[in-house]
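# Overview (structure and organization)
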Amino acid sequence: MDALEALMSRRSIRNYSDQPVTEDQLETVLRAAMAAPSAGNQQSWRFIVVTDEAQRETLSQATPYSGMISRAPVALVICGDTRAEKHPGYWVQDCSAAIENLLVAAHAIGLGAVWIGVHPVVERADNVRAACGIPEGIEPMSMIALGHPLETKPPSERYEPQYVHRDRWQG
Ligand SMILES: Cc1cc2nc3c(=O)[nH]c(=O)nc-3n(C[C@H](O)[C@H](O)[C@H](O)COP(=O)(O)O)c2cc1C
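Residues numbered from 1 in each chain as written. Predicted model: local features only at pLDDT ≥ 70, side-chain atom pairs only at ≥ 80, totals over all residues.

To continue, consider the overall build of the chain. Scanning the chain from N- to C-terminus turns up five helices and four strands. Going from N to C terminus, the chain has its helices and strands arranged as α-α-β-α-β-α-β-α-β. The C-alpha radius of gyration of the chain comes to 17 Å, within 12% of the 16 Å expected for a compact globule of 171 residues. In terms of its C-alpha atoms, the chain occupies a principal-axis envelope of roughly 50 × 40 × 30 Å. By residue count, 33% of the 171 residues in the chain fall in the buried class. Considering only residue pairs separated by 6 or more positions, the chain has 77% of its internal contacts joining residues 24 or more positions apart. (Helix = DSSP H or I, 4+ residues; strand = E, 2+ residues; numbered from the N terminus. Rg over C-alpha atoms; globule rule 2.2 N^0.38 Å. Buried ≥ 20, exposed ≤ 12 C-beta atoms within 10 Å, placed from the backbone. Contact = placed C-beta atoms within 7 Å.)

Okay, structure coming up:
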């Protein structure tokens, strides 16, 4: 699968088989995540890999929309390290770029994944922080559920030419 095909056919996968994610697969997706661009190359992303069943159950309840974490063999908690920032405030963009890379890489190697929003909802971030013992200065940003897909979805065509403006805002 080439890069464009992977980008255009990735979908959110919320049902997973029991097949484990191998350490090689995990390293591949984490390498892809850390290949992302970041502000001033500050690489403010941090990752917590969660496989423990009880911990996944706790994280599955951290937001109203994270139930699939209890069914996925792996959950990833993506955090921004504000202490490592050269360009304050850009950690959200850094982490977002890393997450998208990770999702596309997972799809390209036959895994399925879904992005689960945490930041900026304070209650969700507090829940994730408490569950994972995340210290001050590290901001829980999002979670990802990852596994072997038990569902297939067709590509979703979303191209909207009217969303594109030329030279100045028109209309
Ligand atoms: C910032 C962000 C937060 C999201 N949060 C959740 C979530 O909490 N739970 C969930 O099931 N999906 C979540 N998603 C996935 C979206 O629902 C999904 O990407 C969207 O419906 C488009 O579908 P697709 O990913 O299959 O193309 C999130 C996606 C983004 C980018």
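The rest of the description comes next.
Let us look at helix H5 (residues 122-132). Buried residues of H5: Arg-124, Ala-125 and Val-128, and no others. Angularly, the buried residues of H5 cover 100° about the axis, an arc narrow enough to put them on a single face. Away from the buried face of H5 by more than 90 degrees, exposed residues Val-122, Glu-123 and Ala-130 are located. Considering only its buried residues, H5 is in contact with helix H3 (53-60), strand S2 (74-81) and strand S4 (138-147). Gly-133 sits one or two residues past H5 and shows a positive phi near 65°. (Arc of directions from axis to C-beta.)

A few words on the site of the ligand. In the region of the ligand, the neighbouring residues are Arg-11, Ser-12, Arg-14, Thr-63, Tyr-65, Ser-66, Val-114, Trp-115, Ile-116, Gly-117 and Ser-156. The residue makeup of the shell around the ligand, split by class, is four nonpolar, five polar and two charged. (Near = placed C-beta within 6 Å. Nonpolar A, V, L, I, M, F, W, Y, C, P; charged D, E, K, R; others polar.)

Right, let's get into unusual backbone geometry. Apart from glycine, the bulk of residues carry a negative phi angle, and the bulk of peptide bonds sit in the trans form. Looking along the chain, the bond that leaves His-119 and enters Pro-120 is cis, with omega of 10°. Its place among the elements puts Pro-120 in the loop between strand S3 (112-117) and H5. The residue Asn-41 is not glycine, and still its phi comes out positive at about 55°. On the secondary structure map, Asn-41 appears in the loop between helix H2 (23-34) and strand S1 (45-50). Residues other than glycine seldom take positive phi values, yet Gln-43 does so here, at roughly 50°. By the element assignment, Gln-43 lies in the loop between H2 and S1. Judged by C-beta crowding, with 16 C-beta atoms within 10 Å, Gln-43 ranks as partly exposed.

Spatial ordering of the open sheet is given by S1-S2-S4-S3, a layout of four strands whose pairing is antiparallel. Lying at the two open borders of the sheet, with one neighbouring strand each, are S1 and S3. Neighbour-to-neighbour, the strand axes of the sheet open up by a mean angle of 25°, direction not taken into account. In this sheet, S4 lies alongside S3 in antiparallel orientation, the contact comprising six bridges. When the bridges of S4 are listed, Ala-113 appears paired with Leu-146. Contacts between H3 and the sheet are confined to S1, S2 and S4, with S1 contributing the most and set at about 120° to the helix. Relative to S4, helix H4 (residues 91-108) is tilted by about 10°, and along the sheet it contacts S1, S2, S3 and S4. (Pairing = 2+ DSSP bridges. Axes fitted to C-alpha atoms, helices over the stretch in contact; angles between N-to-C directions.)

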